[in-house]
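Topology and contacts: notes
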Amino acid sequence: MDPELIGDCVHCGFCLPTCPTYVLWGEEMDSPRGRIHLMGQHVEGTPLTPEMAGHFDACLGCMACVTACPSGVRYDRLIEQTRAEVERVHRRPLQDRVLRALVFRLFPYPRRLRAMRLPLRLTAGVRRRLAPRLGRISPALAAMAELAPPVPARVRLPHRVRPIGPRRATVGMLTGCVQGAFFPQVNAATARVLAMEGCEVVIPPAQGCCGALSLHSGRQEQAGRLADRTMAAFERAGVDTVVVNAAGCGSTMKEYGDLLGPERAGAVRVVDLSEYLAELGPVARRHPLPLTVAYHDACHLAHAQGIRAQPRALLSAVPGLRLVEIAESSICCGSAGTYNLLQPEAARDLGDRKAERVLATGADLLVSANPGCTLQITSAVRRRGMDPIPVAHVAQVLDASLRGLDRAW
């Protein structure tokens, strides 16, 4: 934990109303200001107690406080450093250790996630029925049962997608772990949209996990190994720009300088899909989509990367599409990487809160830029006993418009 970064906080309180856990509980030690106070105590010699670790674990890492802070406090760096310290010195209860071992031996490995597809498909009905009973045994297991999505047909992407029309650029594309295993249609739409806008898309087959889930949970050694492998895959592919369609992955890859060193990380530019398309400018014709769309700000897109206007501009440019805003758009939905598995009760409360705000818009479609958010909000709407509102990625909406389809999700 960096004492200078800790000292930047003047404890003004601007972060309080933006912090999801403070909004839920009103507890000072579960606010960014309170957690920074605990960090300072530990740096000054106070042992890291289980109670202290619990307050750090309860943080979603949503970075809303970074956006709100007038003093420019780098809470994002502080919470990553603190979580690494917690993992180093804190001995968790056995049940917690087993759960974390399961999560981090499964989710950062695309092949292992893909191997789960058949069991999930075969047990879909059973999982839904057992979820309430599992909640009495283990909230984490119940969360896993609720969150697991219907398994789509596997989509095989080519290693290279040729541009439609004159080539304007060549880019790499990250396929991701959860995105690749459970939302392959988003990756397919991303590649098609880039191609229709004149990009040659290179999709390295051995890219693996970017390391985001591990880094955000304090597992820096694992994150470094995964980041190195991902970077090597794109270096071998010979691309200098990588387009990412998952908010958490993009925010982590943009900070690879901290994991791999600035020289290595600087060899490849990382951009979010919406960010890149806005920079590139449109050439393909948009066909009308008569829809009312609510856009959900994924935290690691809006707060960590500062990307808010670009996806809204892309959606608003689709003829016939009406964009509506969601109340409390800056408050996290509770997904936050692995948070909804490791802190299921708080995540459930935040998911229910977000679902209520989404449904209040009366939109035909919810658009999200992160697979975890899609899973979280869909699960929360389902808990209300309602048909889930369709959820699509920005890429899928653009894909439908560019191809003249009624829908592509």
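Look up a bit, the structure's there.
All of the points below concern the structure found in this document. (Residues numbered from 1 in each chain as written. Predicted model: local features only at pLDDT ≥ 70, side-chain atom pairs only at ≥ 80, totals over all residues. Heavy atoms only, no water.)

**Points about the overall build of the protein**
- On a plain count of helices and strands, the protein comes out with 25 helices and nine strands.
- Its C-alpha atoms give the protein a radius of gyration of 21 Å, within 12% of the compact-globule value 22 Å for 409 residues.
- Reported as C-alpha extents along the three principal axes, the dimensions of the protein are approximately 65 × 50 × 40 Å.
- In the protein, which comprises 409 residues, the share counted as buried stands at 56%.
- Nonlocal contacts in the protein, meaning residues at least 24 apart in sequence, comprise 77% of its contacts between residues at least 6 apart.
- Surface accessibility of the protein: about 17400 Å² in total, with carbon and sulfur atoms responsible for 54%. (Helix = DSSP H or I, 4+ residues; strand = E, 2+ residues; numbered from the N terminus. Rg over C-alpha atoms; globule rule 2.2 N^0.38 Å. Buried < 20%, exposed > 50% of the residue type's maximum accessible area, 1.4 Å probe, protein only. Contact = heavy atoms within 4.5 Å. Areas by Shrake-Rupley, 256 points an atom, 1.4 Å probe, with all protein chains shown as cover.)

**As for a positive patch on the surface**
- Together, R111, R114, R154, R156, R229 and R236 make up a region of like positive charge exposed at the surface.
- Using a relative accessible area of 68% as the deciding quantity, one classes R156 as exposed. (Patch = residues over 30% accessible without salt bridge, like charges linked within 9 Å, V, L, I, M, F, W, Y side chains within 5 Å. Salt bridge = Lys/Arg side-chain N within 4 Å of Asp/Glu carboxyl O. Lys, Arg positive; Asp, Glu negative; His and termini not counted. Charge placed at Lys NZ, Arg CZ, Asp CG, Glu CD.)

**Looking at the side chain of Q222**
- Positionally, Q222 belongs in helix 15 (residues 220–237).
- With relative accessibility at 9%, the residue Q222 sits in the buried group.
- Among the polar contacts listed, one links the side chain of Q222 to the backbone oxygen of F104, at a separation of 3.1 Å.
- The residues contacting Q222, other than those within four sequence positions of it, are F104, P108, Y109 and S214. (Polar contact = N/O pair within 3.5 Å; in protein donor to acceptor, adjacent residues only side chain to side chain.)

**Focus on the nonpolar core**
- Core analysis: the largest hydrophobic core is formed by 56 residues, its most contacted members being L194, C199, V201, Y276, L366, V367 and V397.
- Judged by nonpolar contacts, the second largest core, of 21 residues, contains F104, L147, C177 and A181. (Core = buried A, V, L, I, M, F, W, Y, C linked by side-chain atoms within 4.5 Å.)

**A closer look at the state of the cysteines**
- The full count for this structure, using the stated rule, is zero disulfides.
- This cysteine, C15, is not joined by any disulfide, and C65 carries the nearest cysteine sulfur, 6.3 Å off.
- Look at C15 and you get buried, because its relative accessible area is 11%.
- C209 takes part in no disulfide bond, and the closest cysteine sulfur to it belongs to C177, at a distance of 3.5 Å. (Disulfide = S-S within 2.5 Å.)

**Focus on the side chain of Q179**
- Note on placement: Q179 falls in helix 12 (residues 178–182).
- With sequence-adjacent residues up to four places away left out, Q179 is seen in contact with P184, V186, N187, N245, A246, P371 and H393.

**Side note on the sheet that holds strand 7 (residues 322–324)**
- One open sheet accounts for four strands, arranged 7-6-8-9; its pairing is parallel. A single partner strand is all that each edge strand has here, and the edge strands are strand 7 and strand 9 (391–393). Across this sheet, the average inter-strand angle for adjacent strands is 35°, counted without regard to direction.
- Sheet analysis places strand 6 (residues 292–295) next to strand 8 (residues 365–368), joined by three bridges and oriented parallel. Counted as the bridge partner of A294 is L366 from strand 8. (Pairing = 2+ DSSP bridges. Axes fitted to C-alpha atoms, helices over the stretch in contact; angles between N-to-C directions.)

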